[in-house]
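Chain and residue survey
In case you want the letters, here they are:
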Amino acid sequence: EPEVTQTPSHQVTQMGQEVILRCVPISNHLYFYWYRQILGQKVEFLVSFYNNEISEKSEIFDDQFSVERPDGSNFTLKIRSTKLEDSAMYFCARTGTSGAYEQYFGPGTRLTVT
Amino acid sequence: GESVGLHLPTLSVQEGDNSIINCAYSNSASDYFIWYKQESGKGPQFIIDIRSNMDKRQGQRVTVLLNKTVKHLSLQIAATQPGDSAVYFCAFKRAGTASKLTFGTGTRLQVTL
């Protein structure tokens, strides 16, 4: 299964700045997800996106976060005003081609907030 | 509530031996399970999955066992190789939907020569 690509691979930003993380699916899928992983911890769900709408979001996904597909291809995660605790790996994932069960992850973007 | 946990945080095995990584879950509504492998600095890599209507599923050198009675999941790796060294996560979701995955805390597998 082809995975997704993510850009940038590493983003360093100052506290209070806005960041946009990008995910580019290899093929056209309907379901996308953002997860994050704080260093040394488990992967945590942020938000799922289906048919250009948020279908589910976690408690972590507060008003500082937003997602969209601005051009029908790229899938973005925006953090409006970053906090130190936003430092983590952010992974984009998509469902498989055989159905909506399995999820395949991108390589991630390492976000460092200073 | 929903939770997925792991018995062993670190597992050290010799090259060529079999590895068994365990996972416990608490939500009986869980009906789809995935094992992921994560190497340092990379995203989780799909290994194998199993649905709740199955007890066992085999892949290439890997086998997943599901015991719904005790809510236990295990990943068996045959003839462990140095390239298997990584952190392994179990994750679950409800099958039939594109709902979120809930991940366990991970087990680090160290393969010694």
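Everything that follows concerns the structure shown earlier in this document.
Predicted, not measured: the structure shown is a model, and the values here were computed from it. (Residues numbered from 1 in each chain as written. Chains lettered and ligands numbered in written order. Predicted model: local features only at pLDDT ≥ 70, side-chain atom pairs only at ≥ 80, totals over all residues. Heavy atoms only, no water.)

Turning our attention to the sheet that holds strand β3 (residues 19-24) of chain A. Residues and elements named next belong to chain A. As summarised here, the arrangement of the four strands in space is β1-β3-β8-β7, forming an open sheet in which the pairing is antiparallel. Both outer strands of the open sheet, β1 (5-7) and β7 (65-68), are each paired with one neighbouring strand and no more. Looking at each pair of strands side by side, their axes are set apart by 15° on average, direction ignored. Pairing of β7 with strand β8 (residues 75-79), which is carried by four bridges, proceeds in the antiparallel orientation. Paired with Glu-68 across the bridge in β8 is Thr-76. (Pairing = 2+ DSSP bridges. Helix = DSSP H or I, 4+ residues; strand = E, 2+ residues; numbered from the N terminus. Axes fitted to C-alpha atoms, helices over the stretch in contact; angles between N-to-C directions.)

Turning our attention to the nonpolar core. All names here are of chain B. Counting residues in hydrophobic clusters, the biggest one holds 21 residues, and the most contacted among them are Phe-33, Trp-35, Leu-73, Leu-75, Tyr-88 and Leu-109. Elements with a contribution of two residues or more to this core: β2 (10-14), β3 (19-25), β4 (32-38), β5 (45-51), β7 (62-67), β8 (72-77), β9 (86-93) and β11 (107-112). If you tally residues by element for this core, the top one is β9, at four residues. Those residues in contact with Phe-33 that lie beyond four places of it in its chain are Tyr-25, Ile-48, Asp-49, Ile-50, Leu-66, Leu-73, Ala-91 and Phe-92. (Core = buried A, V, L, I, M, F, W, Y, C linked by side-chain atoms within 4.5 Å. Buried < 20%, exposed > 50% of the residue type's maximum accessible area, 1.4 Å probe, protein only. Contact = heavy atoms within 4.5 Å.)

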